[in-house]
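Close look at the chain arrangement
Here is what each chain is made of, one letter per residue.
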Amino acid sequence: MPESLLETGRRRTKLDRSYNGPPRQGPVRHISPAQLNLERIHEQNRANVQRVDPAKALAPAPGAAARGKPRLLLMGQRRSGKSSISSVVFHKMPPNETLFLESTARIQKDSMHSFMDFQVWDFPGQVDFMDPSFDLDAIFGEIGALIWVIDAQDEYVEAINRLNSTILNLQSSGYSAINIEVFIHKVDGLSDDYKLDIQRDVTQRIQDELSDHGFENAPINFHLTSIYNHSIFEAFSKVIQKLIPHLPYLEALLNNCCQKSGFEKAYLFDVLSKIYIATDSSPVDMPSYEICSDYIDVIVDVSEIYGWNRPAEYISFLEGAPWNKKLEDQVACKDAESCIVLTDGRRPIILREVNKYLALVAVVREGAYSKMPDIIENVNVTVGGLLEIFEITRRPKTRA
């Protein structure tokens, strides 16, 4: 039986309570020349630190992460917030605890097992990975997106210069198809006008320098982010969506569901990270996204408190006479379902579990509560279509 939101909540809570350190390392499988160079640099730094203060000696360098999965590379200057982003989004660390994270001294490689297995590589800001001594193919060969983090509250001219240098080197090295995502980070506490001014300035500086080198209309996307609100999750949602080859089919299903059911907005969420991997074509409304994201936390927490794993004897009793049916055949929906109504606008919010990783969350228009049976049936059909898409895309391709 597939894992439910109850098991997901327990797994997430166990992770939150038992782990307080920096992000975990991915599994060790292959060692590339670039990794050997990084380990050599790290060992030199560790030896220097140990000579000065043995108590502050760094940990040994990690092995290489698993290959064959799309990568998200987090790059930028030191103290720009790369490790904080990874810890908050993928490890559920409270934002206020990221103040105690130490500066990254080596590559942090995390393998994420979700609806789509991918890796997150957190690069130390003090190392120039475009140096000829590094193997560029080992770093950028399987990349899904390069995320460059710029600290909006610090001087960012040097960060822009390094980003432009990296982009030009990638272009000349044959990696022109890489998605470049710029996170203008730490914008919390800044006024809206100042945020937009910084974004315009950063965008203009990057585009002008690339244009001077003959790289016109560079496909770079800019995001204003902060770990203290949902903006970082929305930015990662847009990055992850570009790695999903069947995204148009998911969006088409959600568009059809919104049209037939009278939804204001529908999201397909990854339950653990609260990143939405697909949404309908209507503009994203941040308040609705925030409340849908928080709604997932509520459902997971309630499932953990009030749910339980039924003993085998009890399940056998329920499946016995007079019903003589398996438990999943006796219920209308074996997956989690929930619906609440907002008091301000009397708008229902529906949550429907798709599988152990994903949940469909939708905001219904005001006054549609009387049509809830038809809406639930439309949601069930949509979930069935989503599962069919995932099943088809998961099948290995056969040659004719």
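This write-up is about the structure you can find in this document. Note that this is a predicted model, so its numbers are computed, not measured. (Residues numbered from 1 in each chain as written. Predicted model: local features only at pLDDT ≥ 70, side-chain atom pairs only at ≥ 80, totals over all residues. Heavy atoms only, no water.)

**A few points about a nonpolar patch on the surface**
A grouping of Val298, Val302, Ile305 and Tyr306 is seen on the molecular surface, where their side chains present a nonpolar patch of about 430 Å² in accessible area. Here Ile305 lies in helix H9 (residues 286-306). Take Ile305: its relative accessible area is 61%, and that puts it in the exposed class. (Patch = residues over 30% accessible without salt bridge, like charges linked within 9 Å, V, L, I, M, F, W, Y side chains within 5 Å. Areas by Shrake-Rupley, 256 points an atom, 1.4 Å probe, with all protein chains shown as cover. Salt bridge = Lys/Arg side-chain N within 4 Å of Asp/Glu carboxyl O. Helix = DSSP H or I, 4+ residues; strand = E, 2+ residues; numbered from the N terminus. Buried < 20%, exposed > 50% of the residue type's maximum accessible area, 1.4 Å probe, protein only.)

**Some words on empty space enclosed by the protein**
In the structure shown here, the tally under the stated rule is 4 cavities of 30 Å³ or more. Roughly 80 Å³ of volume is contained in the second largest cavity. Sorting the residues of the lining of the second largest cavity by element identifies strand E1 (71-76) and helix H5 (157-172) as the ones contributing at least two each. (1 Å grid on protein atoms, 1.4 Å probe; cavity = no way out; pocket = protein on both sides within 12 Å on 5 of 7 lines; lining within 4 Å. Points joined across faces, edges and corners; volume = space filled by probe spheres on them.)

**A few points about unusual backbone geometry**
Even without being a glycine, Lys92 presents a positive backbone phi close to 60°. Taking relative accessible area as the criterion, Lys92 reaches 19% and is therefore assigned buried. In this structure, Lys186 takes a positive phi of about 65° despite not being glycine. As for its placement among the helices and strands, Lys186 is situated in the loop between strand E5 (179-185) and helix H6 (192-212). On the basis of relative accessibility, which here comes to 23%, the residue Lys186 falls in the partly exposed class.

**Topic: the sheet that holds strand E3 (residues 118-122)**
Read from one edge of the open sheet, 6 strands run E2-E3-E1-E4-E5-E6, paired in mixed fashion. Taken across any chain shown, the strands that pair with only one partner, and hence form the sheet edges, are strand E2 (108-112) and strand E6 (220-224). Each adjacent strand pair in this sheet contributes to an overall mean axis angle of 20°, direction not counted. Two strands pair when backbone bridges link them, and E1 and E3 are joined in this way by 4 bridges, in the parallel orientation. Looking at E3, one finds that Leu74 is bridged to Asp122. (Pairing = 2+ DSSP bridges. Axes fitted to C-alpha atoms, helices over the stretch in contact; angles between N-to-C directions.)

**Re the environment of Ile147**
By the secondary structure assignment, Ile147 is in strand E4 (residues 143-151). On the accessibility criterion, Ile147 (0% relative accessible area) is buried. Along the sequence, Ile147 and Asp122 sit 25 residues apart, while their C-alpha atoms lie 9.8 Å from each other. Not counting chain neighbours up to four residues away, the residues in contact with Ile147 comprise Leu72, Leu73, Leu74, Met75, Glu181, Phe183, Phe236 and Val239. (Contact = heavy atoms within 4.5 Å.)

Scope: geometric values only; no functional claims are made or implied.
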